[in-house]
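Now for the letters of each chain:
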Amino acid sequence: MSTTVKDEIMGIDLKQAIPTPVMAVDKDFNIVFINAAGCDWLGKEWEEIEGKKCYDVIETTLCNTKKCVARKAMDENTKITARNEMKCYGKTIPVEITSSPLKDKKGNIIGGLEYIVDISHSVKMENELRTQTQTILELSTPVIKIWDGVLLLPLVGIVDTMRAQQIIENLLNSIVENEAEVAILDLSGVPLVDTAVAKHIIKTVNAAKMLGAETILTGFSPDVAQTLVTLGVDLNNIITCGSLKTGISKALNFIGKKVVSYEG
Amino acid sequence: MSKRIPLQTESDLLFARQAAREMMREMGFGSADQTRMATAISELARNVLKYAGEGTCTLIDEQDEREMVLRVVVEDNGPGITNIDQAMEDGFTTGNGLGAGLPGAKRLVNNFDIASEPGYTKITMEIRRHANK
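Being a predicted model, the structure only gives us computed values, none of them experimental.

Rules used throughout
- Residues numbered from 1 in each chain as written.
- Chains lettered and ligands numbered in written order.
- Predicted model: local features only at pLDDT ≥ 70, side-chain atom pairs only at ≥ 80, totals over all residues.
- Heavy atoms only, no water.
- Phe/Tyr/Trp six-rings, centres within 6.5 Å; stacked < 30°, edge-to-face > 60°.
- Helix = DSSP H or I, 4+ residues; strand = E, 2+ residues; numbered from the N terminus.
- Buried < 20%, exposed > 50% of the residue type's maximum accessible area, 1.4 Å probe, protein only.
- Lys NZ or Arg CZ within 6 Å of the ring centre and 35° of its normal.
- Patch = residues over 30% accessible without salt bridge, like charges linked within 9 Å, V, L, I, M, F, W, Y side chains within 5 Å.
- Areas by Shrake-Rupley, 256 points an atom, 1.4 Å probe, with all protein chains shown as cover.
- Salt bridge = Lys/Arg side-chain N within 4 Å of Asp/Glu carboxyl O.
- Contact = heavy atoms within 4.5 Å.
- Buried area = accessible area lost by both parts, 1.4 Å probe.
- Pairing = 2+ DSSP bridges.
- Axes fitted to C-alpha atoms, helices over the stretch in contact; angles between N-to-C directions.
- Parallel < 35°, antiparallel > 145°, perpendicular 65-115°, else oblique.
- Left-handed = near helix turned anticlockwise from the far one by under 90°.
- Nonpolar A, V, L, I, M, F, W, Y, C, P; charged D, E, K, R; others polar.
- Expected span 1.5 Å × (residues − 1).

## Topic: the packing of aromatic side chains
All names here are of chain A.
Okay, so step 1: Evaluated as defined, the whole model comprises 1 aromatic pair over all chains.
Okay, so step 2: Ring plane angle 55° and centroid distance 6.4 Å describe the contact between Phe-29 and Tyr-55, whose orientation is recorded as tilted. Residue Phe-29 is found in the loop between strand 1 (22–26) and strand 2 (31–34), and its partner Tyr-55 is found in helix 5 (residues 54–57); the two are separated by 26 residues along the sequence.
Okay, so step 3: Overall, Phe-29 belongs to the buried group, its relative accessible area being 11%.
Okay, so step 4: The partly exposed category is assigned to Tyr-55, whose relative accessible area is 25%.
Okay, so step 5: One cation-aromatic arrangement involves Lys-15 over Phe-33; the distance from NZ or CZ to the ring centre is 5.5 Å.

## Here's the deal with a nonpolar patch on the surface
All names here are of chain A.
Okay, so step 1: A grouping of Val-5, Ile-9, Met-10, Ile-12 and Leu-14 is seen on the molecular surface, where their side chains present a nonpolar patch of about 440 Å² in accessible area.
Okay, so step 2: The dominant element in the nonpolar patch, judged by the number of residues it contributes, is helix 1 (residues 3–11), at 3 residues.
Okay, so step 3: Topologically, Met-10 is positioned in helix 1.

## Comments concerning the environment of A:Asn173
Okay, so step 1: When you line up the elements, A:Asn173 lands in helix 8 (residues 161–178).
Okay, so step 2: When the C-alpha positions of A:Asn173 and A:Leu211 are compared, they lie 9.9 Å apart, and in sequence the two are 38 residues distant.

## With respect to the interface of chain B and chain A
Okay, so step 1: With 26 residues of chain B at the interface, the matching set in chain A holds 24 residues.
Okay, so step 2: Summed over both partners, the interface of chain B with chain A comes to about 2000 Å²; 58% of that surface belongs to carbon and sulfur atoms.
Okay, so step 3: If you sort the residues of chain B by the area they bury against chain A, B:Leu14, B:Arg46 and B:Leu98 come out on top, with a joint share of 24%.
Okay, so step 4: On the surface where chain B and chain A come into contact, there are 2 salt bridges.

## Quick look at the side chain of B:Thr39
Okay, so step 1: One can find B:Thr39 in helix 2 (residues 31–52).
Okay, so step 2: Judged by its relative accessible area of 0%, B:Thr39 is buried.
Okay, so step 3: Among residues more than four places away in sequence, those in contact with B:Thr39 are A:Leu192, A:Val193, A:Asp194, A:Thr227, A:Leu231 and B:Leu108.

## Notes on the pairing of strand 8 (residues 182–189) of chain A
Residues and elements named next belong to chain A.
Okay, so step 1: Most of strand 8 sits inside the fold, with 6 of its 8 residues counted as buried.
Okay, so step 2: Here strand 7 (residues 150–156) runs beside strand 8; their pairing, made up of 6 bridges, is parallel. Across the sheet, residue Leu-151 finds its bridge partner in strand 8, namely Ala-183.
Okay, so step 3: The pairing of strand 8 with strand 9 (residues 214–218) spans 5 bridges and is parallel.

## Observations regarding the sheet that holds strand 7 of chain A
Residues and elements named next belong to chain A.
Okay, so step 1: With respect to topology, 5 strands assemble into an open sheet ordered 6-7-8-9-10, the strand pairing being mixed. What marks the edges here is a single partner per strand, and that holds for strand 6 (144–147) and strand 10 (239–241). Neighbouring strand axes in the sheet, compared pairwise and without regard to direction, differ in orientation by 30° on average.
Okay, so step 2: Together, strand 8 and strand 9 form the strand contacts of helix 9 (residues 195–210), whose direction differs from that of strand 9 by roughly 150°.

## As for the packing of helix 10 (residues 222–231) of chain A against helix 2 of chain B
Okay, so step 1: Two elements in contact, helix 10 of chain A and helix 2 of chain B, have axes separated by 9 Å at closest approach and are oriented at 45°. In terms of their interaxial angle, helix 10 of chain A and helix 2 of chain B are classed as oblique. Of the two elements, helix 10 of chain A crosses helix 2 of chain B, and the hand of that crossing is right-handed. Mapping the contact onto sequence places A:Asp223, A:Gln226, A:Thr227 and A:Leu231 in helix 10 of chain A and B:Ser31, B:Ala32, B:Thr35, B:Arg36, B:Thr39 and B:Glu43 in helix 2 of chain B.
Okay, so step 2: Tallied by class, residues from the contact of helix 10 of chain A with helix 2 of chain B come to 2 nonpolar, 5 polar and 3 charged.

## Comments concerning the sheet that holds strand 2 (residues 55–61) of chain B
Strands in a sheet are paired, the pairing made by backbone hydrogen bonds, and the direction either parallel or antiparallel.
Residues and elements named next belong to chain B.
Okay, so step 1: Taking strand neighbours across the sheet as the criterion, the 5 strands line up as 1-2-3-5-4 in an open arrangement whose pairing is antiparallel. Looking at strand neighbours, the two that pair on one side only are strand 1 (2–7) and strand 4 (111–117), the edges of this open sheet. Pairwise comparison of adjacent strand axes, ignoring direction, gives a mean angle of 10° for this sheet.
Okay, so step 2: Two elements, strand 1 and strand 2, share 6 bridges in a ladder whose sense is antiparallel. If you follow Ile-5 over to strand 2, its bridge partner there is Cys-57.
Okay, so step 3: Against the sheet, helix 1 (residues 10–27) touches strand 1, strand 2, strand 3 (67–76) and strand 5 (120–130), its axis set at about 165° to strand 1.
Okay, so step 4: Lying over the sheet, helix 4 (residues 101–108) contacts strand 4 and strand 5, oriented at roughly 145° with respect to strand 4.

## Re helix 9 of chain A
Along an α-helix, residues three or four apart share an orientation, since each turn contains 3.6 residues.
Okay, so step 1: With 16 residues, helix 9 of chain A should reach 22 Å at 1.5 Å per residue; the first-to-last C-alpha distance of 23 Å fits that figure.
Okay, so step 2: Note on helix 9 of chain A: the residue one or two positions beyond its end, A:Gly212, has a positive phi of about 85°.

## Observations concerning the pattern of salt bridges
Okay, so step 1: One pass over the structure, following the stated rule, counts 12 salt bridges over all chains.
Okay, so step 2: The salt bridge partner of B:Asp12 is A:Arg130, with a shortest N-O separation of 2.6 Å. With B:Asp12 in helix 1 and A:Arg130 in helix 7 (residues 120–138), this residue pair bridges two chains.
Okay, so step 3: The shortest N-O distance in the salt bridge between A:Asp148 and A:Lys145 comes to 3.8 Å.
Okay, so step 4: Its relative accessible area of 57% is what places A:Asp148 among the exposed residues.
Okay, so step 5: Residue class for A:Lys145 comes out partly exposed when judged on its relative accessible area of 45%.
Okay, so step 6: Three or more residues are tied together by salt bridges with common partners; here these are B:Glu62, B:Glu67, B:Arg71, B:Glu126 and B:Arg128.

This is the structure we're talking about:
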């Protein structure tokens, strides 16, 4: 790089050139400095802002609360980052504000420096992810009749409290409707079984038993089986089969049927 | 590298589990270890949501040349655990669960440590493996 370009760049007031708001306040939250991007966001000239309290100017949701990052950074003498909301070109947007204490030469804290980053994009992504998770959770739990008296309920995805309740209701209603003797609960599609999920499974099996139906659990993955044993979950009173195939054959046994090869 | 996940809803719990799995996969842990840690996080995060309402889960990659280590810190500002020894007993529950959550989570991981006082509970867990390099 030629020295002239370097000199020219170093000659620019870089604080002003940073394309995101940067602000410095003293210990009483009087604004000492705010850069051009900050003024732009707020739609105000520096002359209007100078000397005002920061909370009167930027008006975020954390302003004047214990969670104010500048206050925390100064009180705790450390860098603090927090999510917040503030006005940008007249619109309220989600932001992440990071603040660190400013110190004099003796090391006494005399103010705080903050920089503000627009995080609308990541917040939008997170919300989308949440909605998608919600959609997956709300996928119905179909009960399939695979033979007279034999029901199959394949579980796919994450079993949470709400969905577990739905599973119990669906299965019990179908057992009564179909006068089922056996129900197969297939867990091939469940990535993780913790004690809360195990409790729901045990409850389902016990309730089915009261209606006169046996429940066969199938499709535990090796990882899940190992984890359940380590957790100490007792499934001793429950019939389990490694695969859905053996589960179906056991279920047919229960009703006195079996699958045989056809020889013509 | 570390990642901090707020725990406020059940979907945060799923997010934390998934994030731990991904981080462990990138570090080189096998699927059994991933499931162990994800399950342990699930147990602790459920406790946080149930008893404290909210908290945080921090995933920290502590690997060095010799070992792959994932440390997970679950913190909350809830009422705290009155009797830790009792809470670590199999079958003990104050909340109508199976009572296998805490002792089970402890068995799932290599290191497990609880510090609890009214207003602050911190549980630290680690899964470690010799590096394959």
